[in-house]
Amino acid sequence: MTSTNGPGAVREAAATPEEIWAILERVALRQEEIAREAKETDRRLKKAEDLFTTQWGRLVESLVEGGDLVPLLRQRDIDVTETAQRLNATRNGEHCELDIVARNGAEIVVVEVKTTLRPRDVKRFLDKLRRLADWFPWSEGRPVYGAMAYLRADASVTKHAERQGLFVIRATGNSASLLNAPDFQPRVF
């Protein structure tokens, strides 16, 4: 608090301890309010991000499955008769989701779709394929092939996926293309 005595003179007035405590209480209450508002904003941003990621992932899945996947696999002598998106299973408390499954009476191709393909995605997908029959018993005893589909990736990651025996599919614009060499032999899981 300030007061003036004459032109240009400023004098500090002493605040009482009660006034100081009242100010500190108001500051503390405002800090709590700001913290609550920040937490709510974080929650809303996370919800919006999750919604965007889910919708973006579905768009990429649609680009891959939309009409290109079956002809691409048929070019590799896998005569696909049906496809399905987002198959889910829970076994022993563990959850597994398959982005796209293409199959016929004998063979199954599981496609993992990523906006940006990273090395850890390849590792996680390989682990998923190794345990596929644990979650989806209908896959047991059938040849299962894996495919990684993506919009963006480093060449080193796509080469790594191919060396692991996976089909590599790049979604571009309104289509998809298979990047594996013509003599590529997919790994059976």
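For the structure itself, consult the block above.
Given the structure is predicted, the values throughout are model-derived calculations rather than measurements.

Draft legend 1. Representation of the layout of surface pockets within the structure. Roughly 150 Å³ of volume is contained in the second largest pocket. The wall of the second largest pocket is formed by Gln75, Arg76, Asp77, Ile78, Glu107, Tyr145, Phe167, Pro182, Phe184, Gln185 and Pro186. Grouping the constituent residues of the lining of the second largest pocket by class yields 6 nonpolar, 2 polar and 3 charged.

Draft legend 2. Seen up close, unusual backbone geometry. We note that aspartate 77 has phi near 65°; this positive angle belongs to a residue other than glycine. As for its placement among the helices and strands, aspartate 77 is situated in the loop between helix H2 (69-75) and strand E3 (82-91). We classify aspartate 77 as exposed; its relative accessible area is 68%. The backbone of asparagine 92 sits at a positive phi, close to 50°, despite the residue not being glycine. Within the secondary structure, asparagine 92 is located in the loop between E3 and strand E4 (94-103). By relative accessible area, asparagine 92 is classed as exposed at 81%.

Draft legend 3. Main features of helix H3 (residues 119-130). If you check H3, its first and last C-alpha atoms are 17 Å apart, about what 12 residues at 1.5 Å a residue would give, namely 16 Å. By the burial criterion, the buried members of H3 are Asp121, Val122, Phe125, Leu126, Lys128 and Leu129. Buried residues along H3 cover an arc of 160° about the axis, so they all sit on one side. Residues Pro119, Lys123 and Arg124 are exposed on H3 and point more than 90 degrees away from its buried face. Those residues of H3 that are buried are in contact with E4, strand E5 (108-117), helix H4 (132-135), strand E6 (144-153) and helix H5 (155-163).

Draft legend 4. Spatial organisation of the pairing of strand E8 (residues 175-178). The alternating pattern of E8 places Ala176 and Leu178 on a buried face, while none of Ser175 and Ser177, on the opposite face, is buried. Here strand E7 (residues 167-172) runs beside E8; their pairing, made up of 4 bridges, is antiparallel. Bridge assignment links alanine 171 to a residue of E8, and that residue is alanine 176.

Draft legend 5. Geometry of the pattern of salt bridges. Evaluation of the coordinates by the stated rule reveals 11 salt bridges. One salt bridge connects glutamate 33 with arginine 30, and the closest N-O pair in it is separated by 2.9 Å. With glutamate 33 and arginine 30 both in helix H1 (residues 17-65), this residue pair falls 3 residues apart, about one helical turn. Arginine 131 is the partner of aspartate 134 in a salt bridge, and the nearest nitrogen-oxygen pair spans 3.4 Å. The partly exposed category is assigned to arginine 131, whose relative accessible area is 31%.

Draft legend 6. Molecular detail of the packing of aromatic side chains. According to the stated counting rule, one finds 3 aromatic pairs in the structure shown. Joined through ring pairs, the aromatic side chains of Tyr145, Phe167 and Phe184 make up one cluster. Cation over ring: arginine 103 sits above tryptophan 138, and NZ or CZ is 4.6 Å from the ring centre.

Draft legend 7. Highlighting a positive patch on the surface. A grouping of Arg118, Arg120, Arg124 and Arg152 is seen on the molecular surface, where their side chains present a positively charged patch. For arginine 120, the position within the fold is in helix H3. Assessed through its relative accessible area of 47%, arginine 120 is described here as partly exposed.

Definitions and limits used
- Residues numbered from 1 in each chain as written.
- Predicted model: local features only at pLDDT ≥ 70, side-chain atom pairs only at ≥ 80, totals over all residues.
- Heavy atoms only, no water.
- 1 Å grid on protein atoms, 1.4 Å probe; cavity = no way out; pocket = protein on both sides within 12 Å on 5 of 7 lines; lining within 4 Å.
- Points joined across faces, edges and corners; volume = space filled by probe spheres on them.
- Nonpolar A, V, L, I, M, F, W, Y, C, P; charged D, E, K, R; others polar.
- Helix = DSSP H or I, 4+ residues; strand = E, 2+ residues; numbered from the N terminus.
- Buried < 20%, exposed > 50% of the residue type's maximum accessible area, 1.4 Å probe, protein only.
- Expected span 1.5 Å × (residues − 1).
- Arc of directions from axis to C-beta.
- Contact = heavy atoms within 4.5 Å.
- Pairing = 2+ DSSP bridges.
- Salt bridge = Lys/Arg side-chain N within 4 Å of Asp/Glu carboxyl O.
- Phe/Tyr/Trp six-rings, centres within 6.5 Å; stacked < 30°, edge-to-face > 60°.
- Lys NZ or Arg CZ within 6 Å of the ring centre and 35° of its normal.
- Patch = residues over 30% accessible without salt bridge, like charges linked within 9 Å, V, L, I, M, F, W, Y side chains within 5 Å.
- Areas by Shrake-Rupley, 256 points an atom, 1.4 Å probe, with all protein chains shown as cover.
- Lys, Arg positive; Asp, Glu negative; His and termini not counted.
- Charge placed at Lys NZ, Arg CZ, Asp CG, Glu CD.

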